[in-house]
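Topology and contacts: notes
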Amino acid sequence: MKPFLHTEGLAVGYNGRPLLEEVCLAVRRGEILTLIGPNGAGKSTILKTIARQLTPIRGTVYLDGDSVWGMPEGELAKRLALVTTGRVDPELMTCLDVVETGRYPYTGRLGILSREDRRIAAEALAQVGGEALAERPFACISDGQRQRILLARALCQQPDVIVLDEPTSYLDIRHKLELLNLLKRLVHQKQLAVVMSLHELDLAQRVSDTVVCVNGSCIERCGTPEEIFTADYIRRLYGLTGGSYEPVFGSVELEAVPGPPRVFVIGGGGSGVPVYRRLQRQGIAFAAGILAPNDLDYPTAKALAACLVEEAPYAPIRPEALEAAKQTLSACESAVCTLPEFGPLNEANRALWAFAGQLGKQSALD
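A brief structural summary. (Residues numbered from 1 in each chain as written. Predicted model: local features only at pLDDT ≥ 70, side-chain atom pairs only at ≥ 80, totals over all residues. Heavy atoms only, no water.)

1. Looking at the packing of aromatic side chains
Within this structure, the stated rule accounts for two aromatic pairs. Here Phe229 and Tyr245 contribute two aromatic rings whose centre-to-centre distance is 6.4 Å and whose plane-to-plane angle is 40 degrees, an arrangement assigned as tilted. A residue pair is termed long-range when its members are at least 10 positions apart, and Phe229 in the loop between α9 (225-228) and α10 (231-238) and Tyr245 in strand β12 (residues 244-246) qualify at 16 residues. Of the two residues examined, Phe229 and Tyr245, each falls in the buried class. The ring of Tyr106 has Arg103 sitting right over it, with the charged end atom 3.9 Å from the ring centre. For the cation-ring pair, Arg221 lies above Tyr233, with the distance from its terminal atom to the ring centre recorded as 3.9 Å. (Phe/Tyr/Trp six-rings, centres within 6.5 Å; stacked < 30°, edge-to-face > 60°. Helix = DSSP H or I, 4+ residues; strand = E, 2+ residues; numbered from the N terminus. Buried < 20%, exposed > 50% of the residue type's maximum accessible area, 1.4 Å probe, protein only. Lys NZ or Arg CZ within 6 Å of the ring centre and 35° of its normal.)

Structure representation (structure tokens):
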């Protein structure tokens, strides 16, 4: 399937000076393309240029084979809708009034809504679950509700493409998830093409079909989430100097506490993660083990532990690993065990906990 929206030789910027050159984007119907990158990298500039709010320095944007710069303004508004993070404060307008402004490209100069226009507006409001907000003043609803109403306004335009600039800004986690679930559903149901920017890497990793990385001078990389979201690349893209990015969970971790470990945490299966983070918050350096790289605890322990005793997966823990763990534990002030039980492949950790008892270093979890 050929791209529905794509760019050719696009350079974007301000006052005739390019900020980003050779901006190559392509998105098909039924797909979401997401721009990621540091603040000030140029994501919003790209989106404003695609939506024809900014004039390109060079090149153009094509919509189903037609240059957006050759389209009358009203025609473009019927085919492409823009949702921005700027706070919209229309005075004395209800939510339904705001949604109905999406029909203005269809109404002519007088802006008189027909019965069909009103039906389409009501349908768009229903699609975002906003019927109960119809008569409420737009100025008096929450940020999450506003984003729903602005998305309904975009749907009211009946576009082929929706461009969204950081649509999850100002939203709590519930409303972030609701908005992106809604957007994904609409993309599939209506076969829309969506281009948006996101700061939340975990959400971008989950919702995007294609991810484009903007680094402030060029489009540095483009690919699937699986290709883009690696620990090394995200560290380089954002210039991370403290902490780390974990691609499996799409999360970030703070730096490990410096210094020799004071506590040895015997964990596994995800049971140790809350303890690792608690010790890190308290400024207590710790050791962790004995863990295999496929264990749920492993990514967090790798990021936060001052010392991590590892073992190969899918096999019993070797005596050498147990001995290394005992030496590390002996140098610690105390040990805690987060495991509720020990499995057949985990007998060495049972022995390690017993060893902590022999040293008088077993400590109960608070």
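2. Some words on the sheet that holds strand β10 (residues 210-214)
Strand order across the open sheet formed by six strands is β7-β8-β9-β4-β10-β11, with mixed pairing between neighbours. The sheet terminates laterally at β7 (80-83) and β11 (219-223), the two strands that pair on one side only. The average undirected angle you get between the axes of adjacent strands in this sheet is 15 degrees. Pairing of strand β4 (residues 31-36) with strand β9 (residues 193-197) involves five bridges; the strand directions are parallel. For Glu31, the partnering residue across the bridge sits in β9 and is Ala193. Where α10 meets the sheet, it contacts β4, β10 and β11, and its direction lies at approximately 150 degrees from that of β11. (Pairing = 2+ DSSP bridges. Axes fitted to C-alpha atoms, helices over the stretch in contact; angles between N-to-C directions. Contact = heavy atoms within 4.5 Å.)

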